[in-house]
Amino acid sequence: MTVEKICILGLGYIGLPLASTFATHGKHVVAMDVNPSIIQTLQNGALHIHEPGLRSLVEEALKSGNLDIRHSVEPADAFIIAVPTPYDDGKRADLRYVQSAAESIVPHLRRGNLVVLESTSPPQTTLHLVAPILEKSGLVPGRDFFLAYSPERVLPGQIIRELVENARIIGGIDPASAKAGQELYQSFVQGEIVLTDATTAEMVKLMENTTRDVNIALANEFSRLADRLGVDVWEAINLANRHPRVKILRPGPGVGGHCVSVDPWFLVEAAPDITPLIRTAREVNDAQPHFVLDLATRWLGPLEGRKIGVLGLAFKPDVDDLRESPAVEVAYQLQQQGAILQAFEPFKPDAALPGLALASSLEMALADKQAVILLVAHTQFRQLDPHAIAALTPARQVIDAVHAWEAKRWTDAGFEFHTLGNGQ
Ligand code: SAJ
C-alpha cells in the first residue's frame, strides 16, 4: 500500500517524536491530541515535554511543511494510535484513551486504510477492543482495511535515535496487515522490521518491560541483603557482572516512569493465578522508596523537624518525567516523617506537587539544610564538586540513594557520607 498521509493520535513522548520523524521523511502528517493546551503549546512553537533532540526535530518537521498540528482526527491513509494506557486504582489497565482514539477514527476510516496501535496494551487489545470499535464503520478489518499492533520500544532520553535505529516489531491481525505496517514504517526505520501477529507483538512489549522490572527488583533486593549483611552491593555487583552470563542491574530508590512500573501489571491482570513472580517484583520495587526512608532514618536519626535538601524528583536521570517517580515517593515519605524538605528538580523546577516545597535552584535547595539526599543521578548532579557544595550548605550529612557520587571525595570534603546498598 502507498501511504501519503498519516494521522497520529496522541502527542506525548511517543506520538510527537513519531509524527515529526514521519514528517521529516516526506510523509504528510496530521498530528492530533485531544488536550487543547498541548495543541496550543505546539502551535506556538513551544514543547510540552523535554526530550533531548526533540525541539530541533519538531522544528525541522514544521519547517518541511509536512507536519500539521490539529485538534481532531482527519481522513488519512494510515492512522497511528499513540495514547497513554495508565492503570486504575486496582492496577488494571485503563483503556479509555485507546477506546476513544479508536472511536474517533471510525467516521474517517476508508477502504484500504491502515490502523496501527502503538500504545502499550494488555494482550488481545488490538483484536478484542480496537477491531470491534473500528468495525462500527461498516468495514471489516483484514478484508477492507489493515490493522496492526506495533509497540513503541524507545528509551526516554534516547527516543529520537532509538525510534529510527531500534528493531521494530509489527504484529498484524493478518499477514497482509503486518506487511502494510512494514511498508509504512520502513520509510524511516533503520533497524530490522520483524513481522508477527498482533497478540504476540503485544506480549513481546510487555515481556520486555517485565523482564526489566524483575531484574531491577532483584538488584533492589540485593541492596537490602548487602545492607543487612555488611556488604557493599556496588562492589559485589561489579564483581558478579564479570561472569560472562550475569548482568545485574542497578539498585536505586525504586522503579518509576510510565512503562516499566505499569506494564507488568497488564500481565498480572491477564492471568493473576500464574504470575506470582511478576507481581512480587512489582511489590519489591514499589516498596523500595520505603527502604530508602528506613536508611535515611537510621543514618540521620529522627526526621521530625530536620531540614533536608532533596536533589532530583524525576523517575530517572536526565529526563523531566515525574510520573510514578520513586524519588517523589521518597520525598513524600520523608515529609510524612516530619522532615522539612526542599526539593530541586532541574528538569522541572516548577512542577506542581501538592504539599511538596520545591526549590527553584540548587542553591535554594541546599541553603540552610541539615542533610542532603540525592535521589536522581542527573548528569549535573553527578558532576557536583563536594567542596563547592560544602560552601553552599551548612549540611554535613549526605545520602546518595543512586550511587552517583564517590564516597572518598565527599568524606575528604568533610561530609558524613552514606550510599544505598553499602552495608560496610
Ligand atoms: N532503573 C533502576 N535500575 C536500573 C535501570 C533502571 O532502578 O538498573 C529504574 C529507573 O531509574 C527508572 C525505571 O527503572 O525509574 C525505568 O527506567 P528504564 O531506563 O529501565 O526504562 P524506561 O521506563 O525509561 O523505558 C523502558 C524501556 N524498556 C526496556 O528497556 C525493556 C524502553 O525501551 C521502553 O520503550 C519504555 O520502557 C516504554 O516506553 O515502554
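What comes next is a walk through the structure. Remember, it's a predicted structure, so these values are computed and weren't measured experimentally.

The rules we used
Residues numbered from 1 in each chain as written. Predicted model: local features only at pLDDT ≥ 70, side-chain atom pairs only at ≥ 80, totals over all residues. Heavy atoms only, no water. Near = heavy atom within 4 Å. Polar contact = N/O pair within 3.5 Å; in protein donor to acceptor, adjacent residues only side chain to side chain. Areas by Shrake-Rupley, 256 points an atom, 1.4 Å probe, with all protein chains shown as cover. Helix = DSSP H or I, 4+ residues; strand = E, 2+ residues; numbered from the N terminus. Nonpolar A, V, L, I, M, F, W, Y, C, P; charged D, E, K, R; others polar. Domains from an automatic or database assignment. Patch = residues over 30% accessible without salt bridge, like charges linked within 9 Å, V, L, I, M, F, W, Y side chains within 5 Å. Salt bridge = Lys/Arg side-chain N within 4 Å of Asp/Glu carboxyl O. Buried < 20%, exposed > 50% of the residue type's maximum accessible area, 1.4 Å probe, protein only. Contact = heavy atoms within 4.5 Å.

Focus on the site of the ligand
The local shell around the ligand holds 20 residues, among which Glu152, Val154, Lys205, Arg212 and Phe315 are the closest. A distance of 2.8 Å separates an oxygen atom of the ligand from a polar atom in the backbone of Arg153. Between a nitrogen atom of the ligand and a main-chain N or O atom of Arg250, the distance comes to 2.7 Å. Protein contacts shield 86% of the accessible area of the ligand, which totals 760 Å² for the unbound molecule. With five residues, helix α8 (residues 198-229) is the largest single contributor of residues to the shell around the ligand. Residues of the shell around the ligand, tallied by class, amount to nine nonpolar, three polar and eight charged. Structurally, the shell around the ligand is a two-domain feature, drawing no fewer than three residues from each of domain 1 (5-191) and domain 2 (263-419).

Regarding a nonpolar patch on the surface
On the surface, a cluster of nonpolar side chains totalling about 430 Å² of accessible area is made up of Leu218, Phe222, Leu225, Leu229 and Val231. Turning to its location among the elements, Leu229 is positioned in helix α8.

Things to note about helix α12 (residues 326-336)
Among the residues of α12, those classed as buried are Pro326, Ala327, Val328, Val330, Ala331, Gln333 and Leu334. The elements touched by buried residues of α12 are α11 (276-300), β9 (307-311), β10 (340-344) and β11 (371-374). For α12, the N-terminal capping position is held by Ser325, with its side-chain oxygen 3.2 Å away from the main-chain nitrogen of Ala327. Two residues or fewer past α12, Gly338 is found with a positive phi of approximately 100°.

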